[in-house]
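As a plain string of letters, each chain reads:
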Amino acid sequence: MRFITTASVLALIAAQAVLAQEVPQLPDAGPDPSEESAPATAGDVIIVQGQRLRGQLDVDQPPIVEYNAQDIKAFGADSIADVLEQLAPATGSSRGRGGGGRPVILLNGVRVGSFREFRSYPPEAIEKVEVFPEEVAQRFGYSADQRVVNIILKDNYASREIEIDYKQPDRGGFRRTDQEVNFLTISDGARINAEFETAQRTILTEDERDLQPVAGGLSDVATDANPLAYRSLIGRIESYQGELSYARAFIESGSSVSGNLTASRNLERSLSGLDTVTLVAPDGSSAFRVFNEGDPLMRDKRSDALQTSGSFNKPLGAFQFTATADAGVTDTRTLIERRLDTDTLVAIAATGALGIDAAIPALPDAGRDRSESRLWSASSLATLRGAPLELPAGEVNTTFDLGYDWDRIESNDTRTAQDTSLTRGNLSGGVNLAIPVASTRTGAWDAMGGLSLNAQAGFDYLSDFGTLADWSLGATWSPFENLTFSATRIWREVAPGLTELGNPVGQEFNVPTFDFATGESVLATVLTGGNPALLAETQADWKFSANWELPFWERARLQIDYAINNSDDVTLVSPSITSAFEAAFPERVTRSPAGELLATDRRPVTLFETRNRQLSFGFNANGQIGSPPTEPEPSSRGGAGGSGAGEAQGEGRRGGPPGGRGFGPERFAEMRKKFCATPEGEMPDLTGIPEQMLARLRGEDGQLDPAKVQEARERFCGEEAEERQRQFAAMREMICAEPPRLDGLPDEVLARLRGEDGQIDPERLAQMRKRMCRPGGEGTQTGEGQQQGRGGGGRRGGVGAASFFGGGRDRDPRPRYFFSLNHTIQLENEVLLAAGGPVFDQLDGFVIAGGAIPRHTSRLEAGLFMQGYGLRLSGRYAGEAELRGSGLPGSSDLFFGDLATFDLRLFADLGEVLEKDSGVLDDLRVSLRADNIFDARRRVTDANGDVPLAFQPFRLDPVGRYLGIELRKLF
């Protein structure tokens, strides 16, 4: 490994020990973006200059929450997708509509083609995460119904990852295993990632949870057949997925490209019970219930998907141009066992060969029905973002977007003998303006604080719905630096999705269903699929927010949101069959002449009008517990004339102030930070730079010479300096290993370690190790710094990093915590079926649009981490709710009790705990999980206090307490 010249080696080692007489050749530890630079002084005024991390968003709305590299590592997450799960309390939309699930995800402050491009990255690759409110989404061409998560990656990172999981309920019944291998390299502006994962889950049937059979389950039939063994609560699955992603940044032009290719296959198998049919004698005197013994109705589903995405970014003058594309095709094939041939059974019954509740040992195979669908999708979006106009209060930020989406669904089903084919093209465009009115930063109307306005307008031209419009107006006001208010008015027209219109119509047999008309639980047939008669929805919303950074709690924020939603022609995707729904849509329920529930139609339906109001509170805090450790005092040899270890702490006889803070790696990192974090062409803040260094930067007039400062900047921050730092990190790893690995060191370094006899001198080696390997040495920072690196491509984030985790590798062993809690209160939720028609108050139990709706819901994520050990607690709460009965004889209201579940995860990084820098234990993490640790289940009762069979606790949640172990190794 002879990669460093003699001059470079001497410069590197000298830079770690003492202040050189000229600008050092090697940049040391990189800047810690979570800390501010030292304050500069001008008279009696203190000027604090903060450093903005590359890729951070510069928007008027403050972040809801921020996490740096150490916080993210402390999550104990497995991937960026897992990190988003931990951020769920902060990322869920407060607009009252949900925004379709996942928030808008940015990577280094820009859009990418698809979340697939980086979802499998290990969390160790993250430098910082920011979460912003919904209004920020408009800056990037999206509607204001999803929050924005900006993920900033480390500049240099590499890892090879293997992960194995095993999980099952504590009471058994089924098991799940997951395996994953992942490869990632981030270096010199390029990223390449390859990932493959597979999962398997066994089936869980009703008899494994000792459920009572629902009516029609043959419980009263004299037969050995156990119908519960032929209905699954959880189906069997197999899944396989492979991904390949590549991205490249071109430093000279400022442009970048990225691409992703993903292929997946999912196999599912479930059981729908024994095939049964009821035959009624022509005179109505008797009924024959017949079932095919031992031959269950099976549903076999296979889904194959191939997806690709890409992005392109390039500066265009004062604007940033971004273009993204995402396309894919998904083939789904479902095989469903056919039911008994009723005509044949009638003929058999007419001969008297069948008795009441007869079992047929075998029948000719009736075959399988086949349902197929193919969904094509392609989307593209181009945005132009910039600030072409300057006002007294700041720049006017503009975003122009233009996109085109194309979707096609082809489906067929042998049960209906109909082929469906729908195609949609969507040309969309819009403009967004962020206009500053008052600013404390520029002094324009600063008595008002900070005030900005936001305006957005757009259109969608759909080939099947025509032109749909949308617009929004908003204001953001910050009367104080730590307090921000915002108000937004949003109006938009939205078309139903193509799958909601054209999914193949299918049937699910023997579905346990509660009949609100009779108060009985029955096995009914459920009709699913699309509805081509759906209408376009009109949404008119208000949203008011307050964001307060608490002055008495560092890194803590309180977010309050109040949303008002009014919509016309609302698409209800999957209705629940309640008494209110049956009263509104009687044609969706099929009953026998005796009033027995036989079938329900749960295809999408259009509601005339909905009204919703909700209030949500979010509290987010993270940091460290206790006071930071004090800086170690310099040794007696650390003052003027110091040597050896003293030189590593004090500035020594090379010109530093005696007894002052040493010119060790920390000082060197601070100095590099001042040069490299300042935009090129601007004078860096040189407060605290040693006088001898400043003297070399001054011209003949005694003032700082811009040319000399620029030269110093190039030497600190240039590509050659980065390369030397990577080389030094590799050398430092060999010297600091246990035992030291000296055979790979350059000859120049070995020569410095040899004594007069030509052998390695233990004392010289000890002195070099003391200078280079001490806590806080090269590659290490305290506080909010990064994790200790292993070279520029090191898997721990590159040079200039440190872990707060334990042992001798961290100077700041304080416990680290995070806490995120969101609570939502539903104030109003009403449905109107026709103009002037009855109003259904869903909070009062007259539910049309889904299951029971609680007034109160909460989501919690919290964790505590120290010395390589971690604990993470997740919680969910749903308050009490009610579903009204029909009021007819035999009907009953249903009462849903509140439910609180908690998931616990314990993990340990064995390399950190045992202080292993190499070997199999290094970067080996063992995690234990217990989901729903108190085995809680929602209790549903009728007016008599009894639990209906369709709402048995194990039917609502057959899993309960869920235990697992995970092994994760990084190489």
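Here is a short report on the structure shown in this document. (Residues numbered from 1 in each chain as written. Predicted model: local features only at pLDDT ≥ 70, side-chain atom pairs only at ≥ 80, totals over all residues. Heavy atoms only, no water.)

Here's the deal with the sheet that holds strand β38 (residues 940–941)
Line of reasoning, step 1. Judged by pairing direction, the sheet is antiparallel, and its three strands sit side by side in the order β34-β35-β38 without closing on themselves. Of all the strands in the sheet, the pair left with one neighbour each is β34 (881–883) and β38.
Line of reasoning, step 2. As paired elements, strand β35 (residues 894–896) and β38 share two bridges and run antiparallel to each other. Across the sheet, F896 pairs through a bridge with V940, a residue of β38. (Pairing = 2+ DSSP bridges. Helix = DSSP H or I, 4+ residues; strand = E, 2+ residues; numbered from the N terminus.)

Quick notes on the sheet that holds strand β23 (residues 506–515)
Line of reasoning, step 1. Taken in spatial order, the four strands make up an open sheet running β23-β24-β28-β27, and their pairing is mixed. Two strands lie at the open edges of the sheet, namely β23 and β27 (589–591), each paired on one side alone. Going from strand to strand, the sheet's axes swing by 30° on average, the running direction of each strand aside.
Line of reasoning, step 2. Two strands pair when backbone bridges link them, and β27 and strand β28 (residues 597–601) are joined in this way by three bridges, in the antiparallel orientation. Within β28, the position partnered with V589 by the bridge is T600. (Axes fitted to C-alpha atoms, helices over the stretch in contact; angles between N-to-C directions.)

Examining unusual backbone geometry
Residues apart from glycine generally show negative phi values, whereas peptide bonds are mostly found in trans.
Line of reasoning, step 1. Located in the positive-phi region is W445, a residue other than glycine, with phi close to 50°.
Line of reasoning, step 2. The topology assignment puts W445 in the loop between β19 (418–438) and β20 (450–462).
Line of reasoning, step 3. Phi at D935 takes a positive value of approximately 55°, unusual for a residue other than glycine.
Line of reasoning, step 4. By the secondary structure assignment, D935 is in the loop between β37 (924–931) and β38.

Here we look at the nonpolar core
In a soluble, globular protein the nonpolar side chains are often hidden away together inside.
Line of reasoning, step 1. Within the largest apolar cluster, 32 residues are counted, with the highest numbers of intra-cluster contacts made by F75, I80, L87, F118 and I151.
Line of reasoning, step 2. Put simply, the parts of the chain that give this core at least two residues each are β3 (65–68), α2 (69–74), α3 (80–86), β4 (104–107), β5 (126–132), β6 (148–153) and β8 (176–187).
Line of reasoning, step 3. L87 has contacts with Y67, F75, V129 and V131, leaving out every residue within four places of it along the chain.
Line of reasoning, step 4. Ranked by size, the runner-up nonpolar core spans 15 residues in total, among them I577, L597, L607 and V831. (Core = buried A, V, L, I, M, F, W, Y, C linked by side-chain atoms within 4.5 Å. Buried < 20%, exposed > 50% of the residue type's maximum accessible area, 1.4 Å probe, protein only. Contact = heavy atoms within 4.5 Å.)

Digging into the pattern of salt bridges
Line of reasoning, step 1. Counted under the stated rule, the structure contains 52 salt bridges.
Line of reasoning, step 2. Of the charged contacts in the structure, one is a salt bridge between R236 and E238, with a shortest N-O distance of 3.0 Å.
Line of reasoning, step 3. You can call E238 partly exposed: its relative accessible area is 24%.
Line of reasoning, step 4. Between D464 and R424 there is a salt bridge whose closest N-O contact spans 3.1 Å. In this pair, D464 sits in the loop between β20 and β21 (466–480) while R424 sits in strand β19, placing the two residues 40 residues apart along the sequence.
Line of reasoning, step 5. The exposure class of D464 is partly exposed, given its relative accessible area of 35%.
Line of reasoning, step 6. The exposure class assigned to R424 is buried, which follows from its relative accessible area of 8%.
Line of reasoning, step 7. Among the ionic contacts, a cluster of salt bridges with common partners joins D78, D82, R905, R925 and E966. (Salt bridge = Lys/Arg side-chain N within 4 Å of Asp/Glu carboxyl O.)

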